[in-house]
Amino acid sequence: MKSHDPPESVSVSISPSGEIKEGDSVTLICNSDSNSPTEISWYKGETLLKSGDTYSITNITSEASGNYYCSAKNKHGSQASAAVTVNVMYPPKSVSVSISPSAEIVEGDSVILICSSDSNPPAEFSWFKEGKSVGSGLIYNISKISSGHSGEYKCKSINKHGEKDSDVVMLNVMYKPRNVVVNLNSSAEIVEGDLVTLICSSDSNPPALNFSWFKEGKSVGSGKIYSISNISSDHSGEYKCGSRNKHGEKESDVVMLNVMYKPRNVVVNLHSSAEIVEGDSVTLICSSDSNPPALNFSWFKEGKSVGSGKIYSISNISSDHSGEYKCKSINKHGEKDSDVVMLNVMYKPRNVVVNLTSSAEIEEGDSVTLICSSDSNPPALNFSWFKEGKSVGSGKIYSISNISSDHSGEYKCKSINKHGEKDSDVVMLNVMYKPRNVVVNLHSSAEIVEGDSVTLICSSDSNPPALNFSWFKENQTSAVGSGQSFSISSFNSSHSGLYYCEAQNEYGSEKSASVSVTVKAVERAALHTVTGLMAGCGGLIFVLIITIIIIVWKRRREGGTEDVNQKQTADSSDDTYTALDPVSRTSADIYSTIRSGDSRAPDDIYTALQLQSRSSEYETLAGASADPH
């Protein structure tokens, strides 16, 4: 080779030599004969990869397979090597199954499954359904497919470097309903009142969505489930269902519903005249519809057992037999009561009672209602009211508005129906009212003379009777006494005036009219007479008077005197003056002192003694009084 020649003998060698497997590291070496510096370029096909004497591939993949060459170039020219093939071996990958036909598969169709994969060297194939081997080869063929072929299929691709499964593919074989069955979710024996559910099931693809139900060949409903709540004997009979999808339909065999039921339509028949009167005989008969027929019957009055058997008889009936009757019919599946039958026994009134709709205590002015009630059949519609035996009204209710004491007394009512009548017991109306007609009575002689005892008595009309009395004298601000009677002993002119009393009970009070109580004035002539007597009789009579005064005073002191503080308080200052002024005192005054038992008797005695020393003055006075001129 001359120094000015282009590169010659350009070739590519592979290291390591031999079979290349995916994952290996491979180096391509470019060899050339050149006397001048050479530039090496690497190509895969027409694609420039890089420059350099070598081209290395680490962890080689199948994508690196292909034809490689190098080009050597110096300043005199270039030359390309022959291409070398890098053939990378690898196990199967991208394994997949395709189905033909790809459309919906219907029972009876022919189906082809094809397995494809990428591998080097080419792979062999095995087929599996639900994990179980069913064949080998690139193609798996199923002629006249049935629902039994439905399931998950996959293929396995195998070469000497490894194997790989495809993803599963589903063969979904469509077919019309079959094995249509009615399932009954109930015990063998169906009893009236149960909830019964019929379920229609079938094998079909796609699943049946349309179901029809038939009883005795007549459509009764639709849907997968047919429910009968509170089943009755009317539901007994043959049932079946029809299952349908787009590929066809099929009916189930018939299922028999035989409904058992407890007694129903239980009725009591009454054998009697239209109106039952005390003393009649009555027969009650119980009948019912049940399966099996009821053999046991029970009878009840107002919920209480009174007998058994299909027939219940009452002889010589009384009002106590009135009430609601019913019978109970029983079989092994249950029991049922009849509607109640009313035995309405007629009788005259009894237990007649007057009810008082008011408080326990009736006060004047209240409204009071008396209600007459009785036990009778038919109910009494006529009522009469009596007070003290005298008719005062009629009707069930007797009302008194704004009641007064005049309404007090014994009341009763009479209850009447077509079979007779009866009176109630008497009821007492006791009307309470405050005092009224308050009157003051004066217990005294016709004329009150100074020194008399006077008693005033207060009387009133009230209920309850008044227990509290107060006494007043006009023109005085406070009461002068209390109690039903008020007494004044040794009455004198200071006590004169207008008196009244006030009577009170728990409902109020009332005042009396005022009563005038006045002492009769002493005549001047009486004074002249007494004075003349004293002058004419002289000292003997005077001494006698003084003696009488002393005796009376001592007896009063020993036996106790009446309390006249009321009089003394009012007249103390006047009496003291009078006692010290004998001129103004008369024998009548002295008599009044003795009569009243006045504690001032010693003062009167002293006064009397003074009278004796002044007798001449009395004689002069008496003489002047006796002279008519």
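Bear in mind that the values here come from a model prediction, so they are computed numbers and not experimental data.

Structural notes on the overall build of the protein
Thinking step 1. The secondary structure content of the protein amounts to 6 helices and 55 strands.
Thinking step 2. Going through the 629 residues of the protein one by one, you find that 35% of them count as buried.
Thinking step 3. In the protein, the share of contacts with a sequence separation of at least 24, taken over all contacts with a separation of at least 6, comes to 62%.
Thinking step 4. A total of about 34,600 Å² of accessible surface is found on the protein, and carbon and sulfur atoms cover 49% of it.

A look at the sheet that holds strand S3 (residues 26–33)
Thinking step 1. Taken in spatial order, the 3 strands line up as S1-S3-S6 in an open sheet, and their pairing is antiparallel. Every interior strand has two partners, whereas the edge strands, strand S1 (8–15) and strand S6 (54–57), have only one. When strand polarity is set aside, the average angle formed by the axes of neighbouring strands in this sheet is 15°.
Thinking step 2. The sheet contact formed by S3 and S6 spans 4 bridges and is antiparallel. Bridge pairing links Thr27 to Ser56 in S6.

Quick notes on the packing of aromatic side chains
Thinking step 1. Inspection of the entire model under this criterion finds 14 aromatic pairs.
Thinking step 2. Ring centres of Trp471 and Phe486 lie 5.8 Å apart, and the angle between their planes is 25°; on these two criteria the pair is classed as stacked. Highlighted residues: Trp471 in strand S49 (residues 468–473) and Phe486 in strand S51 (residues 485–488), separated in sequence by 15 residues. As far as burial versus exposure is concerned, Trp471 and Phe486 are alike and both buried.
Thinking step 3. On the basis of an interplanar angle of 15° and a centroid distance of 5.3 Å, the ring pair of Phe472 and Tyr500 is categorised as stacked. Residue Phe472 is found in strand S49, and its partner Tyr500 is found in strand S52 (residues 497–505); the two are separated by 28 residues along the sequence. In this pair, the class of Phe472 matches that of Tyr500, namely buried.
Thinking step 4. Stacked on the ring of Tyr261, the Lys or Arg Arg264 has its end atom at 4.1 Å from the ring centre.

Considerations on the state of the cysteines
Thinking step 1. Overall, the coordinates contain 6 disulfides when judged by the stated rule.
Thinking step 2. Between Cys30 and Cys70 runs a disulfide, and the two sulfur atoms are separated by 1.8 Å. An S-S torsion of about 70° defines the bridge between Cys30 and Cys70 as right-handed. Placement of Cys30 in strand S3 and of Cys70 in strand S7 (residues 66–74) is noted, with a sequence separation of 40 residues between them.
Thinking step 3. With a relative accessible area of 8%, Cys30 lands in the buried category.
Thinking step 4. According to the relative accessible area criterion, Cys70 is buried, its value standing at 0%.
Thinking step 5. Covalently, Cys286 is tied to Cys327 through a disulfide, its sulfur atoms 1.9 Å apart. Looking down the S-S bond of the Cys286 and Cys327 bridge, the torsion is 65°, so its handedness is right-handed. Taken together, the residues Cys286 in strand S30 (residues 282–291) and Cys327 in strand S34 (residues 323–331) connect sequence positions 41 residues apart. The same class applies to Cys286 and to Cys327, which are both buried.

Let's talk about the nonpolar core
Thinking step 1. If you look at the biggest cluster of nonpolar residues, it comprises 18 residues, and the most contacted ones within it are Leu28, Trp42, Ile60, Tyr68, Cys70 and Val86.
Thinking step 2. For this core, the secondary-structure elements that each account for two or more residues are S1, S3, strand S4 (39–44), S6, S7 and strand S9 (84–86).
Thinking step 3. If sequence neighbours within four positions are ignored, Leu28 has contacts with Val12, Ser13, Ile14, Trp42, Asp53, Thr54, Tyr55, Tyr68 and Val86.

Here we look at the pairing of strand S10 (residues 88–100)
Thinking step 1. Direction of pairing for strand S2 (residues 20–21) relative to S10: parallel, over a ladder of 2 bridges. What sits directly across from Ile20, in S10, is Val88.
Thinking step 2. Two strands pair when backbone bridges link them, and S10 and strand S12 (residues 111–120) are joined in this way by 7 bridges, in the antiparallel orientation. Bridge pairing in S12 places Tyr90 opposite Asn120.

A few points about the sheet that holds strand S11 (residues 105–106)
Thinking step 1. As summarised here, the arrangement of the 4 strands in space is S11-S19-S21-S24, forming an open sheet in which the pairing is mixed. Each having just a single partner strand, S11 and strand S24 (225–228) make up the two edges of the open sheet.
Thinking step 2. For S11 and strand S19 (residues 173–184), the ladder comprises 2 bridges, and the chain directions are parallel. What sits directly across from Val106, in S19, is Met174.

With respect to unusual backbone geometry
Thinking step 1. For the bond from Ser15 to Pro16, the omega torsion is -5°, close enough to zero to count as cis.
Thinking step 2. With respect to the secondary-structure elements, Pro16 resides in the loop between S1 and S2.
Thinking step 3. For the bond running from Asn291 to Pro292, omega is 0°, close enough to zero to count as cis.
Thinking step 4. Within the secondary structure, Pro292 sits in the loop between S30 and strand S31 (296–301).
Thinking step 5. Positive phi, close to 55°, is recorded for Ser490, a residue that is not glycine.
Thinking step 6. Relative to the helices and strands, Ser490 is located in the loop between S51 and S52.

As for the confidence of the model for the protein
Thinking step 1. Looking at the protein, the pLDDT average stands at 83 and 81% of residues meet or exceed 70.
Thinking step 2. Confidence over residues 523–540 falls short of pLDDT 50; this stretch has 11 contacts with residues more than four positions distant or in other chains.
Thinking step 3. Low pLDDT (under 50) marks residues 556–629, which in the prediction has 83 contacts with non-local residues, meaning those over four places away or in another chain.

Some points on the side chain of Asn377
Thinking step 1. Within the secondary structure, Asn377 sits in strand S39 (residues 368–377).
Thinking step 2. In this structure the side chain of Asn377 is engaged in a polar contact, spanning 2.8 Å, whose partner is the backbone oxygen of Val345.
Thinking step 3. Not counting residues up to four positions away in its chain, the partners in contact with Asn377 are Asn344, Val345, Met346, Tyr347, Asn417 and His419.

Section: a nonpolar patch on the surface
Thinking step 1. A contiguous nonpolar surface patch, about 300 Å² in accessible area, is contributed by Ile112, Ile114, Leu138 and Ile139.
Thinking step 2. For Ile114, a relative accessible area of 32% translates into the label partly exposed.

Structural notes on the side chain of Ser462
Thinking step 1. Looking at the element boundaries, Ser462 is found in strand S48 (residues 454–463).
Thinking step 2. Looking at Ser462, the relative accessible area reads 12%, which means it is buried.
Thinking step 3. Among the polar contacts made by the side chain of Ser462, one reaches the main-chain carbonyl oxygen of Pro464 at a distance of 3.1 Å.
Thinking step 4. One polar contact links the side chain of Ser462 to the main-chain amide nitrogen of Ala466, over a distance of 2.9 Å.
Thinking step 5. Non-local contacts of Ser462, meaning those with residues more than four positions away in its chain, are made with Tyr433, Lys434, Pro435 and Asn505.

Criteria and thresholds
- Residues numbered from 1 in each chain as written.
- Predicted model: local features only at pLDDT ≥ 70, side-chain atom pairs only at ≥ 80, totals over all residues.
- Heavy atoms only, no water.
- Helix = DSSP H or I, 4+ residues; strand = E, 2+ residues; numbered from the N terminus.
- Buried < 20%, exposed > 50% of the residue type's maximum accessible area, 1.4 Å probe, protein only.
- Contact = heavy atoms within 4.5 Å.
- Areas by Shrake-Rupley, 256 points an atom, 1.4 Å probe, with all protein chains shown as cover.
- Pairing = 2+ DSSP bridges.
- Axes fitted to C-alpha atoms, helices over the stretch in contact; angles between N-to-C directions.
- Phe/Tyr/Trp six-rings, centres within 6.5 Å; stacked < 30°, edge-to-face > 60°.
- Lys NZ or Arg CZ within 6 Å of the ring centre and 35° of its normal.
- Disulfide = S-S within 2.5 Å.
- Core = buried A, V, L, I, M, F, W, Y, C linked by side-chain atoms within 4.5 Å.
- pLDDT = per-residue confidence, 0-100.
- Polar contact = N/O pair within 3.5 Å; in protein donor to acceptor, adjacent residues only side chain to side chain.
- Patch = residues over 30% accessible without salt bridge, like charges linked within 9 Å, V, L, I, M, F, W, Y side chains within 5 Å.
- Salt bridge = Lys/Arg side-chain N within 4 Å of Asp/Glu carboxyl O.

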